[in-house]
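Residue-level structure breakdown
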Amino acid sequence: MATDTTLKPSTLDAWVTHLDAVALPIPQQSHALVCNTISDSRRSLREIAEVMQNSPALALNLIREANQRTQSSLSEPADSLEVAINRLGLKRTQELLEQMPVLPAEEIPVVLRQVQLISQHAAQQGVGLFGNRLARLWQEVYWGSLLFFSPLWPMAMSYPKQLEEWEARVIQKGECARTVEHTLFGVRLFEICQALAQLWRLPEWVMQGYSVITDDKRTLINVLHIARDIHHPLLQQQHLDADPALRRWLSHPANSLLLANGLALSAQQGWDSPHHLRWQYLSSLYLQLPLHEVQQQVHQN
């Protein structure tokens, strides 16, 4: 999808309208495999979903469609691909699959492939680190972790250079995110993500994660300060006991999505980078596990 950068959106509404209309491609090989699986009458919905989950763009498209079909405030958003397929039915699922652009993997923009790999990495970290602790909620952890950065996928497709520059300046060089984002996008990046996630009715845990980033950043910073004092667990506990709000924050299952994606994104800078280490500290505090155990699990995942 060629995009004229002179027409780049610069307001929140314009970004949401533009990105919502972007058609994400799926790899040719994945498309053929999914088509064969759907046409096999012996396959269950769960088996079909398991094959589809290797194509993040297809998973997002089906979950978005399922959620837009059930706009009632009483209906819960589909929080997994299996639920989405069940709501849509196989006929509509197949129609949506046929409507999606199909490209050889090497022709899909590199930045889009990279962002989707980060999302898949986050899903692995989510299940690997938090799946046992939240055993009955592992589907919510997996799909929420995978979809957390999905609003960035259409941006990676249509404005890859801007997203690459954001990563280089904010994640790698540590420049002020607000300044960089207003220069590149005209608005805060995660405000765009939050608005798209709301429009697409992504799982509630995803929305809670964006709320922490955009509206409750002070809590996140305070928890990071406590988590960094890894060698003084008693002192950490005293800080948490003195701040019930922080202690409650550490008990929210939804925060597993934020941690999984923080680990996956910061790993792009390097496994031993200060940014990645901060997310390891926070995961250690959240899981109440020694840092070396968390690091071992992160590397395994």
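Scroll up to find the structure.
Worth saying up front: this structure is predicted, and the values here are computed from it rather than measured.

**Comments concerning the pattern of salt bridges**
Counted under the stated rule, the structure contains nine salt bridges. Between Arg 43 and Asp 40 there is a salt bridge, and its shortest N-O distance comes to 3.7 Å. Judged by relative accessible area, which is 18%, Asp 40 ranks as buried. Ionic pairing is found between Arg 188 and Glu 181, a salt bridge with its closest N-O pair at 2.7 Å. Taken individually, Arg 188 and Glu 181 each receive the classification buried, so the pair is uniform in this respect.

**As for the environment of Pro 253**
Structurally, the position occupied by Pro 253 is in the loop between helix H16 (244-249) and helix H17 (255-266). Look at Pro 253 and you get partly exposed, because its relative accessible area is 28%. C-alpha separation for the pair Pro 253 and Glu 140, spaced 113 residues apart in sequence, amounts to 9.5 Å. In this structure Pro 253 touches Leu 134, Leu 137, Trp 205 and Tyr 286, once residues within four positions along its chain are discounted.

**Concerning the nonpolar core**
As a rule of thumb, soluble globular proteins bury nonpolar side chains together. Ranked by internal contacts, the top residues of the largest apolar core, which has 100 residues, are Met 52, Met 155, Leu 163, Trp 166 and Tyr 210. When residues in this core are grouped by element, the largest group, eight residues, is from helix H7 (residues 110-130).

**What about the packing of aromatic side chains?**
Applying the stated criterion to the full structure yields nine aromatic pairs. Ring plane angle 75° and centroid distance 5.8 Å describe the contact between Trp 15 and Phe 185, whose orientation is recorded as edge-to-face. Highlighted residues: Trp 15 in helix H1 (residues 12-20) and Phe 185 in the loop between helix H11 (177-184) and helix H12 (189-199), separated in sequence by 170 residues. The exposure classification of Trp 15 matches that of Phe 185, with both residues buried. When the centroid spacing of 6.3 Å and the interplanar angle of 35° are considered together, the rings of Phe 149 and Phe 190 count as tilted. You can see Phe 149 sitting in the loop between helix H8 (138-147) and helix H9 (152-158) and its partner Phe 190 sitting in helix H12, a full 41 residues away along the chain. Summarising the burial analysis for this pair, Phe 149 and Phe 190 share the class buried.

**As for unusual backbone geometry**
Even without glycine at this site, Arg 201 takes up a positive phi of about 55°. Along the polypeptide, Arg 201 turns up in the loop between H12 and helix H13 (204-215). The phi angle at Gln 288 is positive, at roughly 55°, despite the residue not being glycine. Counting through the fold element by element, Gln 288 comes out in the loop between helix H18 (274-287) and helix H19 (291-300). Gln 288 sits in the exposed class, given a relative accessible area of 54%.

**Observations concerning the environment of Pro 151**
Within the element layout of this structure, Pro 151 appears in the loop between H8 and H9. The exposure class assigned to Pro 151 is buried, which follows from its relative accessible area of 1%. In sequence terms Pro 151 and Leu 60 are 91 residues apart; their C-alpha atoms lie 9.7 Å from each other. Excluding its chain neighbours within four sequence positions, the residues that come into contact with Pro 151 are Leu 19, Cys 193, Leu 196, Ala 197, Trp 200, Leu 202 and Tyr 210.

Criteria and thresholds
- Residues numbered from 1 in each chain as written.
- Predicted model: local features only at pLDDT ≥ 70, side-chain atom pairs only at ≥ 80, totals over all residues.
- Heavy atoms only, no water.
- Salt bridge = Lys/Arg side-chain N within 4 Å of Asp/Glu carboxyl O.
- Buried < 20%, exposed > 50% of the residue type's maximum accessible area, 1.4 Å probe, protein only.
- Helix = DSSP H or I, 4+ residues; strand = E, 2+ residues; numbered from the N terminus.
- Contact = heavy atoms within 4.5 Å.
- Core = buried A, V, L, I, M, F, W, Y, C linked by side-chain atoms within 4.5 Å.
- Phe/Tyr/Trp six-rings, centres within 6.5 Å; stacked < 30°, edge-to-face > 60°.

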